[in-house]
Amino acid sequence: MANIYDHAYDLEKAIRNSEEFTGLKEAYEAVMNEESAKKMFEDFRQTQITLQQKQMQGEEISEEEVEQARQVVELVQQHPQISKLMEEEQRLNTVINDVSKIITKPLEELYGNPEEPQQ
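Quick look at the structure, then. Fair warning: this is a prediction, and the values are worked out from it, not measured in the lab.

Digging into the packing of helix α3 (residues 35–56) against helix α5 (residues 80–103)
And step 1. Contact pair α3 / α5: the axes reach a minimum separation of 9 Å and the direction vectors enclose 50 degrees. The angle between α3 and α5 places the two elements in the oblique class. Our pair here, α3 against α5, has a crossing hand that is right-handed. Each of Ala37, Met40, Phe41 and Phe44 in α3 lies in contact with α5, whose residues at this interface are Gln81, Ile82, Leu85 and Met86.
And step 2. Residues that form the contact of α3 with α5 fall into these classes: 7 nonpolar, 1 polar and no charged.

What about the environment of Ala37?
And step 1. Mapped onto the elements of the fold, Ala37 is located in helix α3.
And step 2. On the accessibility criterion, Ala37 (0% relative accessible area) is buried.
And step 3. C-alpha separation for the pair Ala37 and Glu67, spaced 30 residues apart in sequence, amounts to 21 Å.
And step 4. Setting aside residues no more than four positions away along its own chain, Ala37 makes contact with Val31, His79, Gln81 and Ile82.

Rules used in this analysis
Residues numbered from 1 in each chain as written. Predicted model: local features only at pLDDT ≥ 70, side-chain atom pairs only at ≥ 80, totals over all residues. Heavy atoms only, no water. Axes fitted to C-alpha atoms, helices over the stretch in contact; angles between N-to-C directions. Helix = DSSP H or I, 4+ residues; strand = E, 2+ residues; numbered from the N terminus. Parallel < 35°, antiparallel > 145°, perpendicular 65-115°, else oblique. Left-handed = near helix turned anticlockwise from the far one by under 90°. Contact = heavy atoms within 4.5 Å. Nonpolar A, V, L, I, M, F, W, Y, C, P; charged D, E, K, R; others polar. Buried < 20%, exposed > 50% of the residue type's maximum accessible area, 1.4 Å probe, protein only.

Right, dumping it as structure tokens:
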């Protein structure tokens, strides 16, 4: 019987070779190869990171910061290459979430899903 880690590495390889990852990689490279898109994307990522760090540390996020983040999101969504990158990232995230549901199914079956009544 194969080692569970071998299967995990096979899954990693399958993800790397998937249409979803390939699309994400191409979209990412397109953004990184255009200076204005790269700068805009890096600003967007920094805003995300800053707000996440504040949340994790239990710090209050001001209305001004929320508004600034909203404006940054609106701006990047209007850029065609960044918008494409975000779409491709969502496609891959959907695949990863689906795979996660599949691999955690034994635990769900063992412990039961509290949202669903036991039979």
